Amino acid sequence: MLQAKSPYERSSGILERVKKPTEVEARALAKCFPSGKSKKEGFDPNAECVVADAQAKKKAAFKGKQRSVSVNVVMLKHYQEIIPRGNTRKELFSQERIKRVSVTRDMSNLQIRNAIIRAFKVSSFSFLESDKKGHLTRFDNDSLDGEGAVKRRGCLYLCEIDDSEAVPEHPTKKFKPSVDSGAHCSKDLASSDWNETVQQSSDSTGKASPREVIDLGSGSESDNESELGRAQAYIEEARQIRKEQDEAYQQSLEADKAKAKAEREQLQDIRKDLSRQWSNKLTQPEGMKFTLRFSDSSKTECRLLPLTSSKVLYEIATAYGNVTKGFSIHTIIPRELVPVTCQVKDISSSVLIVEEGENAPDLLTFVRETLGQAETQEEQVVEEVKDGSQLIQRVNEMRHKFMSDNTHQGVGRAFHRDHVYEDVIKTYEDNLEEILKDYPFRVRFINEKAVDMGGVCRDLFSAFWEDSYVKIFDGEKLLVPAVRPNPDMAVLRLHGTILSHGFMVCGFLPIRIAFPVLAAIFFGPEVEVPDSIILDSFIDYLAAYESSFISQALTKVQNNNQLPSTLQGQIISTLSRMGCVQVPTKANLKEVVVSTARHLFLGKPLGVLYTIHSGVPKLFLRFFQTMTVSEFFGLYKALNATSERVLDLIEEPSAMNSAEKRIFSYLITFVSNSRQDDLRLFLRFVTGSSVLLGESIRVSFNNTEGLARSPTAKTCSCAIELPLSYSTYPEFE
């Protein structure tokens, strides 16, 4: 019976059943015997197992060593509380501030720090701890070892420390470390690498860092101990600074929490106040019904009077809705934004959607900015009406002082009432220098017994400009200079003289002329009039139906709503008649309207404006240079007559009987129901001026009857006398 031989036994000097190495075994053999070593020393194919022997050698080479783990290390320039993500992380990667560092579990804290120093070439840094919520906090730098680094192999966050700020400046000294203190340093970091790192830190900051003190150079053991003590002191000082920074951060965090709590309490108080304010007013039977729908499917119903401000809807949504940040209210069909400053009668739908904006501010800031801004606008309008008389009186005082210092009292001038325009032009043309020096400027009408104490002078300029409106101006409500062929330049210059002189001697300003035109005459055609004033003047200049649809279009664009094609066609038709060649769209509507209005007021009549401005005397130009365009616009608006302002000027007589009370009520009713043209006629009848003077109107009564029964006025003292024989209001009217 034949005995089986070993696969690697030789028989008669011939290799029998020799196993050929596989490709994997061939690669292992090549690693074990590099550079032809196997050829030099020989290769014994009868060995037990060449591959097993190679693996045993490999295990012996790695015996007692820990397996290294690659850790992602992120080096931040500055300390931050949130883990960097997205574009911030990409930027750190491009700056080579994210690298992979190999660590083992048995590495010490110093070895880990040395590995990071070699990777990032930094001299000082601190470790950051991350939590599940993505927040970063500092922790003790000396507590992180290899085991902790491996546990954080997902990512290890570091924060670079500027040693020039954290540690005071000190000279650099080199020393040779002792066996006890420096043995581990030579193993962890080569002297050349350490010196290179320290040199880079010193060159970049100009100051010595704590690590410069410990340098692997030459020195005695006593020097080493001294320098180690100094380094320890610097490190303790840096730790104290970081501790103070952490305490300051905690104090700031507590302050922010207290502020947030106070804001929540303030918002709760606002909601309670609004709920208490509207709890009994949401179900008015004669009001319009509205339904507010919120994003959480809840809804609130209310009934409001037609003239109620839409700001109330925002207040109701704040008080009763589950909203947490800024929101807007929209209609459903068509989808339009409901502004804060309109009236509820202008809202086209009864079902409204309350939507919170993605980037909207918190609810308290929204309430302060939006609802508070609406209240501020209303207060400004009321304040403007209230302070109109005071503004007029202040300008009159300035005007009177200026004229008293630069003129003297002259002779009176006589004019015919039937042809005031021609007489005024001729008088100024013949006696210009003498007239400009006369103050007070006294006039009289031929065949009239009135003595001028200011009222006759105002009546003269009012009559003159009523004729001038027809002769050299175009327009219906507001007027602009007419551009006609072959104008009389001398007459136009005289209009500039008469306009400025009339304002300086009696405070009369022809406010039917558009404000941009008046500003160009007094301040020069190059005057910069704000776009808002240009737009307001243009709306007043247009006819009623034109101003209505242009105002409607501007409101839609301001609220970010679409511009209907029909409305766009009406605007194109209106603006094209005024020389506009641009097509107004949602994006450029306001710009197109303002440019068209500026051309209408200042561009088209530019030559006429230059001529009229040249007629304003230099003496009066000095006075107007003391005012700004905004102040002049405030005066222009204050001189404009409205029912409310005229009623504020009428003084109620004291101790009236029943008949006087009845006639006085007729007067109040007449003024309240009068249009602006009728108010101007009433003011001219009582005060001689068709604009407001800021002076009170006194009322008295008489007992005249029959043909002699009619109201009489004293324009110099701004007084009106009313008969008591009127039995009904239509008869009085």
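Our structure is the block above this text.
Residues numbered from 1 in each chain as written. Predicted model: local features only at pLDDT ≥ 70, side-chain atom pairs only at ≥ 80, totals over all residues. Heavy atoms only, no water.

Participant: Can you break down the overall build of the protein residue by residue, with the values?
Facilitator: Looking only at helices and strands, one finds 30 helices and 18 strands in the protein. Relative to its full complement of 733 residues, the protein shows a buried share of 42%. In the protein, the share of contacts with a sequence separation of at least 24, taken over all contacts with a separation of at least 6, comes to 69%. A total accessible area of about 41300 Å² is found for the protein, and carbon and sulfur atoms account for 50% of it. (Helix = DSSP H or I, 4+ residues; strand = E, 2+ residues; numbered from the N terminus. Buried < 20%, exposed > 50% of the residue type's maximum accessible area, 1.4 Å probe, protein only. Contact = heavy atoms within 4.5 Å. Areas by Shrake-Rupley, 256 points an atom, 1.4 Å probe, with all protein chains shown as cover.)

Participant: Hey, could you go over the pattern of salt bridges for me, with residue numbers and the actual values?
Facilitator: Across all of its chains, the model carries 17 salt bridges by this definition. Salt bridges here are not isolated pairs; linked through shared partners, they connect Arg417, Glu448, Asp459 and Arg684. (Salt bridge = Lys/Arg side-chain N within 4 Å of Asp/Glu carboxyl O.)

Participant: Lay out the packing of helix H18 (residues 489-506) against helix H24 (residues 606-614) with the relevant residues and their values.
Facilitator: One way to put it is that H18 packs onto H24 with a least axis distance of 6 Å and a crossing angle of 60 degrees. The orientation of H18 with respect to H24, classified from their angle, is oblique. In the crossing of H18 with H24, the sense of the turn from one axis to the other is right-handed. Residue-level contacts link Met489, Leu492, Arg493, His495 and Gly496 of H18 to Val608, Thr611, Ile612 and Ser614 of H24. In terms of residue class, the contact of H18 with H24 is built from four nonpolar, four polar and one charged. (Axes fitted to C-alpha atoms, helices over the stretch in contact; angles between N-to-C directions. Parallel < 35°, antiparallel > 145°, perpendicular 65-115°, else oblique. Left-handed = near helix turned anticlockwise from the far one by under 90°. Nonpolar A, V, L, I, M, F, W, Y, C, P; charged D, E, K, R; others polar.)

Participant: Explain the sheet that holds strand S6 (residues 136-138) to me, and be specific about the residues and the numbers.
Facilitator: Across the sheet, which stays open at both edges, the five strands sit in the order S4-S3-S7-S5-S6 with mixed pairing between neighbours. For this open sheet the edge positions go to strand S4 (98-103) and S6, each flanked by a neighbour on one side alone. On average, each strand axis in the sheet is tilted by 40 degrees relative to the strand beside it, whichever way the strands run. Sheet topology places strand S5 (residues 125-130) next to S6; three bridges connect them, and they run antiparallel. Opposite Leu128, over in S6, you have Arg138 as the bridge partner. Strand contacts of helix H5 (residues 109-120): strand S3 (69-76), S4, S5 and strand S7 (156-160), with the helix running at about 105 degrees to S5, the strand carrying the most contacts. (Pairing = 2+ DSSP bridges.)

Participant: How would you sum up helix H23 (residues 589-603)? Please name residues and give values.
Facilitator: Its 15 residues give H23 an end-to-end C-alpha distance of 19 Å, which sits within 8% of 21 Å, the value for a rise of 1.5 Å per residue. Every buried residue of H23 is listed here: Leu589, Val592, Val593, Val594, Thr596, Ala597, Leu600, Phe601 and Leu602. Summarising the contacts, the buried residues of H23 are in contact with strand S15 (480-481), helix H19 (515-523), helix H20 (531-541), helix H21 (544-558), helix H22 (565-576) and H24. (Expected span 1.5 Å × (residues − 1).)

Participant: So what's going on with the sheet that holds strand S17 (residues 712-714)? Which residues, and what values?
Facilitator: Strand pairing within a sheet occurs via backbone hydrogen bonds; the two strands may be parallel or antiparallel. Across the sheet, three strands lie side by side as S16-S18-S17; this open sheet has mixed pairing. What marks the edges here is a single partner per strand, and that holds for strand S16 (698-702) and S17. Neighbouring strand axes in the sheet, compared pairwise and without regard to direction, differ in orientation by 25 degrees on average. Pairing of S17 with strand S18 (residues 719-723) involves three bridges; the strand directions are antiparallel. Of the residues in S18, the one forming a bridge with Lys714 is Ala719.

Participant: Which residues make up unusual backbone geometry, and what are the values?
Facilitator: With an omega of 0 degrees, the peptide bond running from Tyr439 to Pro440 counts as cis. Summarising the element assignment, Pro440 is placed in the loop between helix H16 (432-436) and strand S13 (443-445). We note that Asn486 has phi near 55 degrees; this positive angle belongs to a residue other than glycine. With respect to the secondary-structure elements, Asn486 resides in the loop between S15 and H18. A positive phi angle, close to 55 degrees, is found at Cys718, a residue other than glycine. Turning to its location among the elements, Cys718 is positioned in the loop between S17 and S18. Assessed through its relative accessible area of 1%, Cys718 is described here as buried.

Participant: Describe a positive patch on the surface, with residues and values.
Facilitator: Together, Lys289, Arg293, Lys299 and Arg303 give the surface a local cluster of positive charge. Listed by contribution, the elements that provide at least two residues to the positive patch are strand S8 (288-293) and strand S9 (299-304). Structurally, Lys299 can be placed in strand S9. Under the relative-accessibility criterion, Lys299 is labelled partly exposed at 48%. (Patch = residues over 30% accessible without salt bridge, like charges linked within 9 Å, V, L, I, M, F, W, Y side chains within 5 Å. Lys, Arg positive; Asp, Glu negative; His and termini not counted. Charge placed at Lys NZ, Arg CZ, Asp CG, Glu CD.)

Participant: Account for the state of the cysteines, with residues named and values stated.
Facilitator: By the definition in use, this model includes zero disulfides. Its sulfur unpaired, Cys718 is 8.5 Å from the next cysteine sulfur, which belongs to Cys716. (Disulfide = S-S within 2.5 Å.)

Participant: Could you give an account of the packing of helix H15 (residues 420-430) against H18, naming the residues involved and the relevant values?
Facilitator: Relative to each other, H15 and H18 sit at 90 degrees, their axes nearing to 10 Å. Judged by the inter-axis angle, H15 sits roughly perpendicular to H18. On H18, the residues touching Tyr421, Val424, Ile425, Tyr428 and Glu429 of H15 are Val491, Leu494, His495, Thr497, Ile498 and His501. Counted by class, the contact of H15 with H18 contains seven nonpolar, three polar and one charged residues.

Participant: Before we move on, can you summarise the side chain of Thr331 with the specific residues and values?
Facilitator: Mapped onto the elements, Thr331 comes out in strand S10 (residues 327-331). Each residue touching Thr331, except ones within four places of it in the same chain, is listed here: Glu336, Val338, Ile347, Ser348, Ser349, Val351 and Leu352.

Participant: Tell me about the packing of aromatic side chains, and please be specific about residues and values.
Facilitator: Going through the model one piece at a time under the given rule, you end up with 24 aromatic pairs. Each ring, one from Phe503 and one from Phe623, has its centre 6.5 Å from the other, and the planes form 50 degrees; the classification is tilted. With Phe503 in helix H18 and Phe623 in helix H25 (residues 618-624), the pair connects residues that are 120 residues apart, well separated along the chain. One aromatic cluster is present, built from ring pairs that chain together Phe402, Phe503, Phe515, Phe522, Phe523, Phe623, Phe624, Phe632, Phe633 and Tyr636. One residue, Lys99, lies across the ring of Phe120, its end atom 5.4 Å from the ring centre. Across the ring face of Phe445, the terminal group of Arg417 is positioned such that the distance to the ring centre comes to 4.0 Å. (Phe/Tyr/Trp six-rings, centres within 6.5 Å; stacked < 30°, edge-to-face > 60°. Lys NZ or Arg CZ within 6 Å of the ring centre and 35° of its normal.)

Participant: An account of the environment of Asp531 is needed here, citing residue identities and associated values.
Facilitator: Here Asp531 is to be found in helix H20. Measuring from C-alpha to C-alpha, the distance between Asp531 and Val593 comes to 9.9 Å, with 62 residues separating the pair along the chain. Beyond its immediate sequence surroundings of up to four residues, Asp531 is in contact with Val594 and Arg598.

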